[in-house]
Amino acid sequence: MAIVGKQFPDLNVDAMNEMGDTFKVNVLEEAKNNKKKVLLFWYPKDFTFVCPTELHAFEAAKAEFEKRNTIVIGASCDTPEVHFAWLNTPKDNGGIEGVTYPILADSNRNLASTLGILDITNEKYNEETGVVTVEGDNVTYRATYVIDEDGIVQHEGVNNMPIGRNVNEFLRIIDALTHVQEKGEVCPANWEEGKDAMSADAKATAAYLATH
């Protein structure tokens, strides 16, 4: 279910930080109340393989996101306690010690279900037993959302589980969004900060294509 161009769901979710504090986070309110963009990235499971590389990569770029008025939030369906155990596991032992942004613990899967990013198929209901069964691990794919200061989703992308993300691409997307907001121009293919953008009309498109 694509939600680009729509308001991000208004849900409170448990979260954990590196200090061991459990608290509620509402991603929509984080954006609107703080007048900041939000980069929310989901990963399948704690204590796995591609996942810690991504969490460390987002941590390494956290200052760059902050320069862009953007809050970074990680998320999975693990519990806060499992998050905290992983946060206390050294990097050289597969852990995420040193990660400082909040990590959602959507263990009841309320938000992940609403977003439609869970790895489940073939849901079946047995009328005789009243049991619902599914195939899959019931964890999230590598979904990423860029949410603007008004709580509107401006980017949504989903990778399958073995495919890690390029953090620099999300910085580029945020730069492009900011350029659109501030300049009123649109950003063509492969646009990066400092490169030419263009007006959203046929004449400007023709002029851009003639010189690029």
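Below is a short write-up of the structure. Bear in mind that the values here come from a model prediction, so they are computed numbers and not experimental data. (Residues numbered from 1 in each chain as written. Predicted model: local features only at pLDDT ≥ 70, side-chain atom pairs only at ≥ 80, totals over all residues. Heavy atoms only, no water.)

Under the criterion given, the structure shown has 0 disulfides. A disulfide-free cysteine, Cys77 has its sulfur positioned 12 Å from the sulfur of Cys51, the nearest such atom. (Disulfide = S-S within 2.5 Å.)

Time to look at the nonpolar core. Judged by nonpolar contacts, the single largest core of 24 residues is most densely connected at Phe8, Val27, Leu40, Trp42, Leu104 and Tyr145. Of all elements in the fold, only strand 1 (13-16), helix 1 (27-34), strand 3 (37-42), strand 4 (70-76), helix 5 (110-115) and strand 8 (142-147) reach the threshold of two or more residues within this core. What Phe8 contacts, discounting residues up to four positions off in sequence, is Ile3, Val27, Leu28, Leu40, Leu111, Leu115, Tyr145, Ile147, Gly151 and Val153. In this structure, Val72, Trp86, Val146 and Val167 belong to the second largest nonpolar core, which totals 23 residues. (Core = buried A, V, L, I, M, F, W, Y, C linked by side-chain atoms within 4.5 Å. Buried < 20%, exposed > 50% of the residue type's maximum accessible area, 1.4 Å probe, protein only. Helix = DSSP H or I, 4+ residues; strand = E, 2+ residues; numbered from the N terminus. Contact = heavy atoms within 4.5 Å.)

A complete count under the given rule lists 11 salt bridges for this structure. Here Arg165 makes a salt bridge to Glu54, at a shortest N to O gap of 2.7 Å. Within this pair, whereas Arg165 is found in the loop between strand 9 (153-159) and helix 6 (167-183), its partner Glu54 is found in helix 2 (residues 50-60), the two being separated by 111 residues in sequence. Residue Glu54 is classed as buried on the basis of its relative accessible area of 3%. Of the charged contacts, one joins Lys195 and Glu192 as a salt bridge, the two residues approaching to 4.0 Å between their closest N and O atoms. Residue Lys195 is classed as partly exposed on the basis of its relative accessible area of 46%. Each of Glu64, Lys67, Arg68 and Asp175 takes part in one network of salt bridges that share partners. (Salt bridge = Lys/Arg side-chain N within 4 Å of Asp/Glu carboxyl O.)

Considering all chains together, one arrives at 8 aromatic pairs under this definition. Here Phe8 and Tyr145 contribute two aromatic rings whose centre-to-centre distance is 5.8 Å and whose plane-to-plane angle is 75°, an arrangement assigned as edge-to-face. Highlighted residues: Phe8 in the segment before strand 1 and Tyr145 in strand 8, separated in sequence by 137 residues. Here Phe8 and Tyr145 have matching classes, each one buried. For the pair Phe41 and Tyr43, a centre-to-centre distance of 6.4 Å together with 35° between the ring planes defines the contact as tilted. Given a relative accessible area of 0%, Phe41 falls into the buried group. Taken together, Phe41, Tyr43, Phe47, Phe58, Phe65, Trp86, Tyr101 and Phe170 form an aromatic cluster joined through their ring pairs. (Phe/Tyr/Trp six-rings, centres within 6.5 Å; stacked < 30°, edge-to-face > 60°.)

A separate point is the environment of Ile103. Tracing the backbone through its elements, the reader meets Ile103 in strand 5 (residues 103-105). Assessed through its relative accessible area of 0%, Ile103 is described here as buried. Through-space distance from the C-alpha of Ile103 to that of Ile73 is 5.9 Å; in sequence the pair is 30 residues apart. In this view, Ile103 contacts Asp14, Ala15, Met16, Tyr43, Leu55, Gly74, Ala75, His83, Leu87 and Ile96; residues no more than four positions away in its chain are not counted.

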